[in-house]
Amino acid sequence: ENFVMRDKSKKVFVAFLDILGFKNYVLKNSIEKVQRDITELFSLSANIAIAHVSTARHNLLAADSDKVQPTQTISMPDGKQKSLINLNVSNINSILMFDSIVLWSKDNSENDLIDLLAVIQFMLNSHLFFGLPLRGAVSYGELYFQDLQISSGSVIKHSVLVSPAQIYAMSLEKNQEWSGCVLDEFVVARCQEANIDLDNNKSISITKYSVPMKKGEMDLYALIWGIRTSGNKVCNVDEYVKATWPVPDGLGHEEILKKIENTIKFIKFSCKKLNLECSVN
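What you see is a predicted model; the values in this text were computed from it and never measured.

When helices and strands are counted, the protein shows seven helices and 14 strands. In terms of overall size, the protein behaves like a compact globule, its C-alpha atoms giving a radius of gyration of 20 Å where 281 residues would be expected to give roughly 19 Å. Each principal axis of the C-alpha distribution contributes one length, and for the protein these read about 55 × 50 × 45 Å. A total of 281 residues make up the protein; the buried ones form 45% of that total. A sequence separation of at least 24 residues applies to 69% of the contacts in the protein between residues at least 6 apart. Carbon and sulfur atoms make up 51% of the accessible area of the protein, which amounts to about 15,400 Å² in all. Taken as two groups, the 30 positive and 32 negative side-chain charges of the protein have centres that lie 2 Å from each other.

As structure tokens, this is what we get:
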């Protein structure tokens, strides 16, 4: 089946997230462990994040009788309990590609941006905890997706995703020297056009920051994340990030340590911005 883009596709918010250090991670672990981690950590936590954010959005407008839960526990025939994720009201799309995930909103409203950023924030936090630090960027623009059904005696799975916004997000993601996520100029322009106040919106947890890039720094909006609190006390940021971030032996060691330091610096900056007491070494 030939794919032709006849109609202009809708403009949406598009995020690209990538696992840092994935090559070393694959080469030093068994294929069973990597497969299990990608399925049970990377893929599952993305779906859990989408389920929580989407059901919360649905429930804001739904009547009491129509409200839904993000997860449901069912009893299996053997008596064990199993938790099922509810993606029936999902408003964020996602496609997993090797060590990356593309997420995009259903539409281009303020609520769509809020929900997409909430999913990314959830994933940044959960994946660092799992030892799979993520790095990403969000852009805005046209996106076309088609999942072609191909009948075959072998594995043939050809999903078509065409989006300049995905390319912009991917390019900006690759350029950053930390674990984190930023918004690009197209998102900022869309927000100005739609009167979305990025600086004072309590539902959007972002901050202006001089983001460390491969060549110097760039002033961008960065998503606030990584803050694990107990009351207004924050856990020891240095210890937490260093303990969970995998650091391989040999080549590239210094480069990874630099990314870790940049990430710690940003989380501490965010603590101060939120007036949280940040414990340090």
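Our next topic: the sheet that holds strand β4 (residues 92-97). The strand order across the open sheet built from seven strands is β4-β5-β1-β6-β9-β11-β10, with neighbouring strands paired in mixed fashion. What marks the edges here is a single partner per strand, and that holds for β4 and β10 (206-212). Each strand of the sheet is rotated relative to its neighbour by a mean of 30°, with strand direction disregarded. Examined bridge by bridge, strand β1 (residues 11-19) and strand β5 (residues 100-105) share five bridges and lie antiparallel to one another.

Our focus in this paragraph is unusual backbone geometry. Unusually for a residue other than glycine, Phe98 sits at a positive phi of about 60°. Looking at the secondary structure, you find Phe98 in the loop between β4 and β5. For Asn195, which is not glycine, the phi torsion reads 55° and is therefore positive. Tracing the backbone shows Asn195 in the loop between α5 (185-193) and β10. On the basis of relative accessibility, which here comes to 68%, the residue Asn195 falls in the exposed class.

Between its terminal C-alpha atoms helix α2 (residues 31-61) stretches 44 Å, which fits the 45 Å expected from 31 residues at 1.5 Å a residue. Of all the bends in α2, the greatest, near 35°, is centred on Leu44.

Attention now moves to the packing of helix α3 (residues 110-130) against helix α6 (residues 237-244). Close contact between α3 and α6 brings their axes to 7 Å; oriented N to C, the two are set at 65°. Regarding the angle of α3 to α6, the classification is roughly perpendicular. Two secondary-structure elements touch here, α3 through Asn125, Leu128 and Phe129 and α6 through Tyr240, Val241 and Thr244. For the contact of α3 with α6, the per-class residue count stands at four nonpolar, two polar and no charged.

The next subject is the confidence of the model for the protein. Residues at a pLDDT of 70 or more form 90% of the protein, whose mean pLDDT is 86. Segment residues 1-7: pLDDT under 50, and eight contacts once partners within four positions in sequence are set aside and those in other chains are kept.

With that settled, consider the nonpolar core. By size, the foremost hydrophobic cluster in this structure holds 74 residues, and its most contacted members are Leu103, Leu117, Ile120, Met123, Val138 and Val241. Counting residues per element, this core draws most heavily on α3, at nine residues. Apart from residues lying up to four places away in sequence, Ile120 is in contact with Ala15, Leu17, Leu103, Val138, Cys181 and Leu223.

Rules and cut-offs
Residues numbered from 1 in each chain as written. Predicted model: local features only at pLDDT ≥ 70, side-chain atom pairs only at ≥ 80, totals over all residues. Heavy atoms only, no water. Helix = DSSP H or I, 4+ residues; strand = E, 2+ residues; numbered from the N terminus. Rg over C-alpha atoms; globule rule 2.2 N^0.38 Å. Buried < 20%, exposed > 50% of the residue type's maximum accessible area, 1.4 Å probe, protein only. Contact = heavy atoms within 4.5 Å. Areas by Shrake-Rupley, 256 points an atom, 1.4 Å probe, with all protein chains shown as cover. Lys, Arg positive; Asp, Glu negative; His and termini not counted. Charge placed at Lys NZ, Arg CZ, Asp CG, Glu CD. Pairing = 2+ DSSP bridges. Axes fitted to C-alpha atoms, helices over the stretch in contact; angles between N-to-C directions. Expected span 1.5 Å × (residues − 1). Bend = angle between axes of the 7 residues up to and from the residue. Parallel < 35°, antiparallel > 145°, perpendicular 65-115°, else oblique. Nonpolar A, V, L, I, M, F, W, Y, C, P; charged D, E, K, R; others polar. pLDDT = per-residue confidence, 0-100. Core = buried A, V, L, I, M, F, W, Y, C linked by side-chain atoms within 4.5 Å.

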